[in-house]
Structures are given as structure tokens and as C-alpha cells.
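# Summary of structural features
This is what each chain is made of:
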Amino acid sequence: MSQIDNPPQFASGKPKVVVTRHLAPSVEARMSELFDVSLNTTDEPMTREALMDAMARCDVLVPTVTDRIDADMIDGAGANLRLIANFGAGTEHIDLAAAAARKIMVTNTSGVFTDDTADLTMAGIIGVPRRIREGVELIRTGRWTGWAPTGMLGRKIGGKVLGIIGMGRIGQAVAHRARAFGMEIAYTGRKPLPAAMESMLGARFVADVDALMAEADILTLHCPLTDQTRGMIDARRIALMKPGSSIVNTARGEIIDSEALIAALQSGHLAGAGLDVYPDEPLVDPRLIRHPNVMTLPHIGSATVEGREASGEKVIANIQFWVNGHRPPDQVLTALVGG
């Protein structure tokens, strides 16, 4: 078990921990037992000023994806802030370089939401070709006139090509599920999976994103948001896709150029989309909401009781490891550049 340099010391014997959002009751109860914790009982997202105030007075900050923590905020943090224990896997909302410069450790809760997100992704992979959103709307508005041989015809997914961008834990879990539906799995990423893993998943590597998009009947995104992936699904690449294909996104909204996506949906080039994330959350473009075959979900890929409790337990474990002078199991290593 790796020790950390300069183990933390606390005047009261417990670290001062600020949690920015309301977490599962069992998680908050355990935090209250272990730490000198400040909880957000209203669950209102903290303003920038409130976050800066919290960072000035705490030893540990527990933020979520809704909290944007930039370099200026980190530079202005109190001397006691030495751990940012993020609730969630993604850390693109935290300036990791700035944290490293201040020798503030960053942890996340990777691996917890793999199955939950893969399950929701499958809802889009199945639901968009079968026009589920449109069918629900027909029933709810009273416009359904009954069964007809040519009514509400969708597309089967068996035998179709599922293109996966990003073959990490979630991408692999999606491939495993999609194979059971008879889909052909093609994927791209930084490097191919081991041959044994490809064989198990029935997946084949495509080195070029453009080539993958050109052959995918359904494209699903499972890559992190980085400078390289921001806006990577743009008008040029969408135009490469087959007429009548669709896109599912449970990763980050900023990966897709929204205007290009909407234009392709309105022209009919794309048959539909399954979206759980958006670039300006909680705002969702009304044109997406109005489209009859766009499933618009409110960022619920990880929203299960089991997953959220497990994520909170990981946060607690990361803090406790750090308090005890050990490197947390979920340390984000890029945060250590420079110290």
C-alpha cells in the first residue's frame, strides 16, 4: 500500500469535508460519522462564489459533474485543501493541471456506473430504430388509431452494424449487450483490444473514426470529453453516415456539434438520436425535444440507487485512504504532474 508524502494532519482529528450536492442518505450518514462534513441538504447547485468559499475553508472538496472548478478557483483555494474527491468518473470539469501545480490530489469513482450506463445506452440503441419515443407520444396524445400492417414501422437491430467510439469499460459492456441482440460490433479507440477480448465480444477494430462512421447503422459514443473529442462528431463526419442511421450519446454532450446533429435530423439524413447528455445542461435545444424520433433523457445514465450508493462509498474510501496517509485507490494520476 503506497504512502503519500506529508500525510495530512487535522486540528480537530477529522478532515473538514464539503459535499457540493445531496448524496444518498446512507452515504451522507457514513460521512457524518467519519468526517467533519458540510452537506448540501437543499441539493441546489453551488454558485462559483459558494464553491470558492468552500475551497477556502475545507480540507477535502467532494464535487460532481455540475461543479466547474477552474484554475483561478484552485489558485484561490485555502492552504488546507489537499484533496478533491470527485463524485463520478469524469474529471473534465476540474482543471487537473492547476490542481497538480498546487499539489492537490484528485480522485474519482471510475467503474461504478459501467453497467448502469451500458443499460441506458441499449435503451437508445433499441428505442431509436423502433421509434419508441414517437409511439409513446401517439398514445399519450390520443392520436393512435389502432394497429395497421404499415403503422409505426421501425428497423430491426439484428444484423446491423453498431459503431462504438471509445472501447473502455462502458464501451465493452455495451458491445457485450449488443452482441446478444445479433448486432455486428465495430469499434475505434486509442488502440485495439487484445485479440481474446475482441473474440469474446465479437468486435473488430476500425482504426479511423471516419471509416467507422461510414459503416455504422447506429453510432454510440463512450469516449471522454477532451480537447481532441470536443465537437468531433461534426457536420462532415455526420454526412459520412448512412442515410437513415442514428446516433446514441450517453457520454458528454459537447462531443457532438449540436447544430450539425439537428440539421441532419431535420433533413432526414439521420433517422433519430438517443441523447442523455447535452452541451448546455440543463438546457436542451427545443428542436431536439420537438423531433418525433429523438429520445431526450435527463442525464440519467448513472441514475440507479445501487450505482449512486456505490459511488458515494468510493468517495468515502478515497478520503479515508488519504486521511490514513495512503494513496487513494482511485487517484487521477494526471493530477500529479509536477508533484
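Residues numbered from 1 in each chain as written. Predicted model: local features only at pLDDT ≥ 70, side-chain atom pairs only at ≥ 80, totals over all residues. Heavy atoms only, no water.

Rule in force here: UniProt positions are given in the numbering used here, feature names are shortened, and annotations may be inferred rather than shown by experiment.
Looking at an unreviewed UniProt entry, the protein chain carries the name 2-hydroxyacid dehydrogenase, with the source organism given as Erythrobacter longus. Under the UniProt heading Sequence similarities (unreviewed entry), the entry covering the protein chain gives this text: "Belongs to the D-isomer specific 2-hydroxyacid dehydrogenase family."

### Some points on the packing of aromatic side chains
What counts is decided by this rule: Between the rings of Phe, Tyr and Trp (Trp by its six-membered ring), a pair exists once the centres lie within 6.5 Å; its type follows the angle of the planes, with under 30 degrees stacked, over 60 edge-to-face, and the other angles tilted. The way it works is that DSSP assigns letters per residue, a run of H or I at least four long becomes a helix, a run of E at least two long becomes a strand, and they are numbered from the N terminus. We call a residue buried when its accessible area falls under 20% of the maximum for its residue type, exposed when it is over 50%, and partly exposed in between, using a 1.4 Å probe and counting protein chains only.
Overall, the coordinates contain two aromatic pairs when judged by the stated rule. When the centroid spacing of 5.8 Å and the interplanar angle of 55 degrees are considered together, the rings of Phe10 and Trp322 count as tilted. Linking Phe10 in the segment before β1 (16-19) with Trp322 in helix α13 (residues 305-323), this pair joins segments that are 312 residues apart in sequence. Trp322 matches Phe10 in its accessibility class, with the two residues each being buried.

### A look at empty space enclosed by the protein
As a reminder of what qualifies: In this analysis the probe radius is 1.4 Å and the grid spacing 1 Å, with only protein atoms considered; a cavity is a set of points the probe fits into but cannot get out of, a pocket is an open set with protein on both sides within 12 Å along at least five of seven lines, and lining residues have an atom within 4 Å of a point. Grid points are joined across faces, edges and corners, and a volume is the space filled by probe spheres set on the points. Three categories are distinguished: nonpolar for Ala, Val, Leu, Ile, Met, Phe, Trp, Tyr, Cys and Pro, charged for Asp, Glu, Lys and Arg, and polar for the others, with Gly belonging to the last.
In this structure the tally under the stated criterion is one cavity of 30 Å³ or more. Looking at the largest cavity, its volume works out to about 50 Å³. Around the largest cavity sit Leu120, Thr121, Gly124, Val248, Thr250, Gly274, Leu275, Asp276, Met295 and Leu297, which together line it. For the lining of the largest cavity, the secondary structure elements donating two or more residues are α5 (114-127) and β11 (270-275). With three residues, the single largest contributor to the lining of the largest cavity is α5. Across the lining of the largest cavity, the residue classes tally to five nonpolar, four polar and one charged.

### As for helix α7 (residues 169-180)
Within an α-helix, residues lying three or four positions from one another point in the same direction, as the helix has 3.6 residues per turn. Note the following rule: Multiplying 1.5 Å by the residue count of a helix minus one yields the expected span of that helix. Here, residues are in contact when the closest pair of their heavy atoms is within 4.5 Å.
The terminal C-alpha atoms of α7, which comprises twelve residues, lie 17 Å apart, in line with the 16 Å expected from a rise of 1.5 Å per residue. Next to the buried residues of α7 lie α5, β6 (161-165), β7 (184-188), α8 (195-201) and β9 (218-221). Once α7 ends, the next one or two residues include Gly182, with phi positive near 80 degrees.

### Here we look at the pairing of β9
The following threshold applies: Any two strands between which DSSP finds at least two bridges are classified as paired.
Burial along β9 is two-sided: Ile218 and Thr220 facing one way and Leu219 and Leu221 facing the other are all buried. Pairing of β9 with strand β10 (residues 245-249), which is carried by four bridges, proceeds in the parallel orientation. Its bridge partner lying in β10, Ile218 is registered against Ser246.

### Remarks on the side chain of Thr107
Tracing the backbone shows Thr107 in strand β5 (residues 105-107). Not counting residues up to four positions away in its chain, the partners in contact with Thr107 are Leu83, Ile84, Ala85, Asn86, Asn318, Pro328, Asp330, Gln331 and Val332.

### A few points about the sheet that holds strand β12 (residues 294-296)
Selection rule: Axis geometry follows a simple rule: fit a line to the C-alpha atoms, using only the stretch in contact for helices, then measure angles between N-to-C directions, giving values from 0 to 180 degrees.
The strand order across the open sheet built from seven strands is β8-β7-β6-β9-β10-β11-β12, with neighbouring strands paired in parallel fashion. Each edge of the open sheet carries a strand with a single partner, namely β8 (203-205) and β12. Ignoring which end each strand starts from, the neighbouring axes of this sheet average 20 degrees apart. Examined bridge by bridge, β7 and β8 share three bridges and lie parallel to one another.

### Thoughts on the environment of Pro25
Mapping Pro25 onto the fold places it in helix α1 (residues 25-34). Pro25 sits in the exposed class, given a relative accessible area of 63%. Note: C-alpha distance between Pro25 and Glu309 (284 residues apart in sequence) is 8.7 Å.

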